[in-house]
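# Architecture and fold: a report
The lines below spell out each chain.
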Amino acid sequence: MKKDALLGQSEMLVLIAVLRLGDEAYGVPISREISKEIGRDVAVAGIYSTLERLGRLHLVKALTGEPTAVRGGRAKTYFSLTAEGLRQLRASQRILQKFWAGLPGAEGRPT
Amino acid sequence: MKRYPPRVAVWCLTHLACGDRGQAILGDLLERFEEGETRAWFWRQTLATLAYGFARGVRDHGPTFAAALIATTVLFFVMRIVNSYVTGKIIDFQSHGMLELDPQWSQRWGWRIALTIIGQLQTMSWFAVMGWLVTRIHRAQPRLIVVVSALVATALHLPVTIRLAHGLLTHRRFLEYFIWDLVHLCLATGVLVVCGIWGSRAAAASQRTDDISKEKLN
């Protein structure tokens, strides 16, 4: 990825959710966190697709946990941001804030 | 009372969603279902997962995916040409040779069943080859390509079924042909899926044996 390129909407949402959840960032809480923020249900497969893309760009790393009975014996996959992921997220935030700044009536704050 | 997720949806995800990611998604869906999500939600997520898997297959392995679908289409039309030639020969045999052997043959169930079985076996053999071939071409997602190939073959056959259904509206005698066509199609696509899955397992087993042999050599 080009240095300091603006991340896509779904990439930013997933990265922020992973950052918020910390050590508990796996599919279920990530999808719930995003659904809560955007106000509608999201496809779990879509989140994994984004995470896979971010993984290929070395912005997140995955770690397989222990299998649990409630998941039919399937293991959780935990995700965390890499240093590069955090840097890219902050860079995108700065780009957006700069773009919003000084806009008459908006002032970079949502109404 | 314990709630159970839709079995068909779980089967689809277990067998059609590929790799570790598919299993992680299934685990997440089961966990959320356990926490109170509805069966409709589970189905929506299942369809979305399969759609994402399909898109991923096309994106990551486009050439082999396209080649498998082209092979299905080509084999389907070759089957039609060969079958119509063979059927023509059988009709000739029925109307000339059979009458010499047995003038009352058309009234005997044994002959009719035998000829029906020959026709069915003819189509099923083609569909079996189709199933085996597509999993050899598109090895990345063998089960998904088998299902897609079965859907393509069904879609290609659909004009015949629609013609028979249309005929059924005007003549009741088409009912027998219509039902037989549906049975014929179900059996043939069933054979395609079974042979495809069997072919993919055999390929995976031989791949494992090769890997073990290489490890031993190293």
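Bear in mind the structure is a predicted one, so any value in this text is a computation, not a measurement. All residue numbers refer to positions counted from 1 along the written sequence of the respective chain. Chain labels run from A onward and ligand labels from 1 onward, assigned in the order the entries are written. The predicted nature of this model means local features are confined to residues of pLDDT at least 70 and side-chain atom pairs, given and counted, to a pLDDT of 80 or more, with totals for whole chains, interfaces and linings taken over all residues.

What follows is about the overall build of chain B. Helix and strand assignments follow DSSP, with helices taken as H or I runs no shorter than four residues and strands as E runs no shorter than two, numbered in order from the N terminus. For chain B, the helix and strand inventory stands at 7 helices and 0 strands. Order of helices (α) and strands (β) in chain B, N terminus to C terminus: α-α-α-α-α-α-α. Considering chain B as a whole, with its 218 residues, one finds that 23% of them fall into the buried category. Across chain B, contacts joining residues at least 24 apart in sequence account for 78% of those joining residues at least 6 apart. Put simply, a residue is buried when 20 or more other C-beta atoms lie within 10 Å of its own C-beta and exposed when 12 or fewer do; between those, it is partly exposed, and each C-beta is set from the backbone. Throughout, a residue-residue contact means that the two C-beta atoms, derived from backbone geometry, are no farther apart than 7 Å.

With that out of the way, let us pick up the overall build of chain A. Looking only at helices and strands, chain A features 4 helices and 2 strands. Ordered by position from N to C terminus, the α and β elements of chain A give α-α-α-β-β-α. Evaluated residue by residue, chain A yields a buried proportion of 29% over its 111 residues.

This part takes up helix H1 (residues 9-21) of chain A. Note: α-helices contain 3.6 residues per turn, so residues at a spacing of three or four share the same orientation. Residues and elements named next belong to chain A. Across its 13 residues, H1 extends 18 Å between first and last C-alpha, which sits within 8% of the 18 Å expected from 1.5 Å per residue. Turning to H1, its buried residues number three or more, namely Glu11, Val14, Leu15, Ala17 and Val18. The arc that holds the buried residues of H1, viewed along the axis, is 160 degrees, so those residues lie on one side. Just downstream of H1 lies Gly22, where phi reads positive at about 60 degrees. Helix span, as expected, comes to 1.5 Å for every residue beyond the first. Think of the arc as the fan of directions from the helix axis to the C-beta atoms.

Another aspect to go through is the packing of H1 of chain A against helix H2 (residues 27-38) of chain A. Residues and elements named next belong to chain A. For helices, the fitted line uses only the C-alpha atoms of the stretch in contact; every axis is such a line through C-alpha atoms, and the angle between N-to-C directions lies from 0 to 180 degrees. For the pair H1 and H2, the least separation of the axes is 9 Å and the interaxial angle reads 115 degrees. As for the relative orientation of H1 and H2, their crossing is right-handed in sense. Residues Leu13, Val14, Ala17, Val18, Arg20 and Leu21 of H1 pack against Pro29, Ile30, Glu33 and Ile34 of H2. Note on residue classes: Ala, Val, Leu, Ile, Met, Phe, Trp, Tyr, Cys and Pro are nonpolar, Asp, Glu, Lys and Arg are charged, and everything else, Gly too, is polar. Among the residues forming the contact of H1 with H2, the class breakdown is 8 nonpolar, no polar and 2 charged. Crossing handedness follows the turn of the near helix against the far one: under a right angle anticlockwise gives a left-handed crossing, and clockwise gives a right-handed one.

Another point: the pairing of strand E1 (residues 60-68) of chain A. Residue and element names in this part refer to chain A. Sheet topology note: the E1/strand E2 (residues 74-81) ladder contains 7 bridges and is antiparallel. Looking at E2, one finds that Pro67 is bridged to Ala75. The antiparallel hairpin formed by E1 and E2 contains 5 residues in its connecting segment, where Gly72 sits at a positive phi of about 65 degrees. The pairing criterion is simple: DSSP has to find at least two bridges between the two strands.

For the rest of this paragraph, the subject is helix H3 (residues 44-56) of chain A. For H3 of chain A, spanning 13 residues, the distance from its first C-alpha to its last is 19 Å, which sits close to the expected 18 Å at 1.5 Å a residue. The positive-phi residue at the C-terminal boundary of H3 of chain A is His58 of chain A, with phi of around 60 degrees.

With 16 residues of chain A at the contact, the number on the chain B side is 16 residues. Counting only elements with at least two residues in the side of chain A that touches chain B, the list comes to H2, H3 and E2 of chain A. Sorting elements by how many residues they give to the side of chain A that touches chain B places H3 of chain A first, with 6 residues. Within the side of chain A that touches chain B, the residues separate by chemical class into 7 nonpolar, 5 polar and 4 charged.

This part covers the nonpolar core. Defined on buried residues, the nonpolar core groups Ala, Val, Leu, Ile, Met, Phe, Trp, Tyr and Cys residues joined through C-beta atoms within 7 Å. Within the largest apolar cluster, 29 residues are counted, with the highest numbers of intra-cluster contacts made by Val14, Val18, Ile30 and Ile47 of chain A together with Ile25 of chain B. Looking at this core, the elements that each hand over two or more residues are H1, H2, H3 and E2 of chain A together with helix H1 (7-16) and helix H2 (19-34) of chain B. Ile30 of chain A has contacts with Val14, Ala17, Val18, Leu21, Ala25 and Ile47 of chain A, leaving out every residue within four places of it along the chain. Phe65, Val148, Ala188 and Cys195 of chain B belong to the second largest nonpolar core, which has 18 residues in total.

On to the environment of Gln88 of chain A, then. All names here are of chain A. Mapped onto the elements of the fold, Gln88 is located in helix H4 (residues 83-100). Given 25 C-beta atoms within 10 Å, Gln88 falls into the buried group. On a C-alpha basis, the gap between Gln88 and Met12 in space is 9.5 Å, while along the polypeptide they are 76 residues apart.

This paragraph deals with the packing of H1 of chain A against H3 of chain A. All names here are of chain A. As a packed pair, H1 and H3 sit with axes 10 Å apart at the nearest point and diverge in direction by 90 degrees. Classified by the angle their axes make, H1 and H3 are roughly perpendicular. Residues Ser10, Glu11, Val14 and Leu15 of H1 pack against Ile47, Thr50, Leu51 and Leu54 of H3. Considered class by class, the residues forming the contact of H1 with H3 number 5 nonpolar, 2 polar and 1 charged. Angles are sorted into four bins: roughly parallel if under 35 degrees, roughly antiparallel if over 145, roughly perpendicular if 65 to 115, and oblique for all others.

The backbone of His58 of chain A sits at a positive phi, close to 60 degrees, despite the residue not being glycine. The residue His58 of chain A is located in the loop between H3 and E1 in this model.

Next up on the list: the confidence of the model for chain A. Residue-level confidence of the predictor, termed pLDDT, takes values from 0 up to 100. On average, residues of chain A score 87 in pLDDT, and 91% of them reach the 70 mark or higher. Highest mean pLDDT in chain A belongs to H1 of chain A (93); lowest belongs to E1 of chain A (88).

Right, let's talk about the environment of Arg53 of chain A for a bit. One can find Arg53 of chain A in helix H3. Its 15 C-beta neighbours within 10 Å are what place Arg53 of chain A among the partly exposed residues.

All names here are of chain B. On average, chain B scores 82 in pLDDT, and the residues at 70 or more come to 84%. Within chain B, the element-level pLDDT minimum falls on helix H7 (residues 174-217), averaging 78, and the maximum on helix H3 (residues 39-60), averaging 88. Among the prediction metrics, the complex's ipTM stands at 0.84, with pTM recorded as 0.69.

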